[in-house]
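As a plain string of letters, each chain reads:
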Amino acid sequence: NRTWWGSDVAKAFWGFRYINFQDEFRLSMANAAGETGYHQIRGRNQMFGLHTGMEVLYDIGYRLSFSYGAKLGGFGNAASNTIQHLNAGAIRGFNSIDQTEFSWNAEFGIWGRYKLTPNIRLRAGYELFALFNVYDAESMFSTRVANVAPLINNTGDALFHGPTIGFEIY
């Protein structure tokens, strides 16, 4: 990453990023007659690209500070995805695709920092991470499976959020 600081209270950056996102759905079933079925969806995304962002810091005192920040990225998504449906041993649907598409992400976070030593800080906060135009099991799932290949497309989105904690070394 390349980072620029403004008056020690704001930073902007850009850089290269790699994201590996995989999503899988499997369903196995059997009826009273002993016939079995199997349905599997795999979405595999390997994203390479650029991201940019900013962070604004607010110093409370000698040891305590707060900040918020955001990132935005665009990626070439080298995806490899599969849908399989077997019913009573017969293949009812199968499709796979290996292609490169465009995907992007957005992030937002708020953090508090506590200075432990002059060079080490404890950082805790809450972050939101979203991926757009990715291959995921939910967007490729269909309740109707015919004797034709199911569609595979990258219309899925994924959202992750939650608390974070870690150390920063300066």
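First things first, this report covers the structure right here in the doc. (Residues numbered from 1 in each chain as written. Predicted model: local features only at pLDDT ≥ 70, side-chain atom pairs only at ≥ 80, totals over all residues. Heavy atoms only, no water.)

1. Let's talk about the sheet that holds strand β3 (residues 36-59)
Stage number 1. Across the sheet, which stays open at both edges, the seven strands sit in the order β1-β2-β3-β4-β5-β6-β7 with antiparallel pairing between neighbours. The outermost strands of the open sheet, each flanked by one partner alone, are β1 (2-6) and β7 (156-169). Neighbour-to-neighbour, the strand axes of the sheet open up by a mean angle of 25 degrees, direction not taken into account.
Stage number 2. One ladder, built from 24 bridges, connects strand β4 (residues 64-87) with strand β5 (residues 90-115); its direction is antiparallel. (Pairing = 2+ DSSP bridges. Helix = DSSP H or I, 4+ residues; strand = E, 2+ residues; numbered from the N terminus. Axes fitted to C-alpha atoms, helices over the stretch in contact; angles between N-to-C directions.)

2. Describing the pattern of salt bridges
Stage number 1. Taken as a whole and assessed by the stated rule, the structure comprises seven salt bridges.
Stage number 2. For Lys11, the salt bridge is made with Glu55, and the minimal N-O distance between the two is 3.6 Å. Note that Lys11 is positioned in strand β2 (residues 10-30) and Glu55 in strand β3, a separation of 44 residues in sequence.
Stage number 3. When its relative accessible area of 22% is taken as the criterion, Lys11 is described as partly exposed.
Stage number 4. Here the residues in one salt-bridge network are Lys11, Glu55, Arg113, Arg123 and Glu168, joined through shared partners. (Salt bridge = Lys/Arg side-chain N within 4 Å of Asp/Glu carboxyl O. Buried < 20%, exposed > 50% of the residue type's maximum accessible area, 1.4 Å probe, protein only.)

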